[in-house]
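In case you want the letters, here they are:
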Amino acid sequence: MKALVAIPVLLVVLVLDLITKAVAVATLAPSGMSNAVFGTWFRFTLVYNPGAAFGLHLGDYSRWIFMALTCGAIVILWRLYQQTAQDDLRKALAVSLVAAGALGNVIDRIRSDLGVVDFIDIGVGTHRWPTFNVADMAVSGGAFLLALVLWGEEKRETAAAVATAAAATAASESADHS
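Since the structure is predicted, the reported quantities are computational estimates derived from the model, not experimental observations.

(A) Local environment of a nonpolar patch on the surface. Where nonpolar side chains cluster on the molecular surface, the patch consists of V37, F38, W41 and V124 and spans about 420 Å² of accessible area. The topology assignment puts W41 in the loop between β1 (34-38) and β2 (42-49).

Structural data, given as structure tokens:
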């Protein structure tokens, strides 16, 4: 059941990310030129990010470090997917969104030493959010959903543990009174 959600989502997001990046590179060159879509608050601006989220850069080896970290994250996501119950579609969706985004950005790192293609530019005046892409949206949205899902699991496990302890205490007290 979970594969019916996870596989199509992963493929659609990955293909959409790769297509939008290819279109951005083909139509927005030269790099750094802004193209207004909805006024100045939503623009397309081609930039290459050799670092990670929010421009985090670790020097000359950033590309390789972030590729290795992404590959490690993909392994962890695969294991998390394998441990996901067949009927836990929200968790499967969350994991597939994060994985699709991670794959889209690691493909950019493999293909070019310029870095990840970013092109979605939002903000007001000089107050701009760091430029991003479809993969970044998938990673962010998937990570948020995954956090909610895992938080819900933790709350259910805590409630079950409390209920079990209360039942054990009640049974013990009942046995003591007999």
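Now, onward.
(B) A look at the sheet that holds strand β4 (residues 127-128). Pairing is antiparallel across the open sheet formed by four strands, whose spatial order is β1-β2-β3-β4. Of all strands in the sheet, those with a lone pairing partner are β1 and β4, marking the two edges. Where β1 and β2 come together, four bridges link them in antiparallel fashion. Paired with N35 across the bridge in β2 is F44. Of the strands in this sheet, β1, β2 and β3 (116-124) are in contact with helix α1 (residues 2-28), which crosses β3 at around 80°.

(C) Main features of the confidence of the model for the protein chain. Averaged over every residue, the pLDDT of the protein chain is 89; the share at 70 or more is 88%. Per-element mean pLDDT across the protein chain ranges from 82 in helix α4 (residues 134-177) up to 97 in α1.

(D) Seen up close, the layout of surface pockets. Computed from the structure, the second largest pocket encloses a volume of approximately 180 Å³. Forming the walls of the second largest pocket are A6, I7, L10, I74, L77, W78, Y81, V95, S96, A99 and L103. Taken together, the elements giving at least two residues each to the lining of the second largest pocket come down to α1, α2 (62-83) and α3 (89-111).

(E) Layout of the packing of aromatic side chains. Applying the stated criterion to the full structure yields six aromatic pairs. Measuring from centroid to centroid gives 6.1 Å for F38 and W41, while their planes differ by 20°, and the two rings are stacked. Classification of F38 as exposed rests on a relative accessible area of 51%. Owing to a relative accessible area of 48%, W41 belongs among the partly exposed residues under this scheme. Aromatic side chains F42 and F44 sit 5.6 Å apart centroid to centroid with 65° between the ring planes, which places their arrangement in the edge-to-face category.

(F) Here's a closer look at the pairing of β3. Buried residues dominate β3, accounting for seven of its nine residues. Relative to β3, β2 is paired through six bridges, and the arrangement is antiparallel. If you follow R43 over to β3, its bridge partner there is D121. Relative to β4, β3 is paired through two bridges, and the arrangement is antiparallel. Across the sheet, the residue bridging to G123 is R128, located in β4. Here β3 hands over to β4 after two residues, with G125 in that stretch at a positive phi of 60°.

Definitions and cut-offs
Residues numbered from 1 in each chain as written. Predicted model: local features only at pLDDT ≥ 70, side-chain atom pairs only at ≥ 80, totals over all residues. Heavy atoms only, no water. Patch = residues over 30% accessible without salt bridge, like charges linked within 9 Å, V, L, I, M, F, W, Y side chains within 5 Å. Areas by Shrake-Rupley, 256 points an atom, 1.4 Å probe, with all protein chains shown as cover. Salt bridge = Lys/Arg side-chain N within 4 Å of Asp/Glu carboxyl O. Helix = DSSP H or I, 4+ residues; strand = E, 2+ residues; numbered from the N terminus. Pairing = 2+ DSSP bridges. Contact = heavy atoms within 4.5 Å. Axes fitted to C-alpha atoms, helices over the stretch in contact; angles between N-to-C directions. pLDDT = per-residue confidence, 0-100. 1 Å grid on protein atoms, 1.4 Å probe; cavity = no way out; pocket = protein on both sides within 12 Å on 5 of 7 lines; lining within 4 Å. Points joined across faces, edges and corners; volume = space filled by probe spheres on them. Phe/Tyr/Trp six-rings, centres within 6.5 Å; stacked < 30°, edge-to-face > 60°. Buried < 20%, exposed > 50% of the residue type's maximum accessible area, 1.4 Å probe, protein only.

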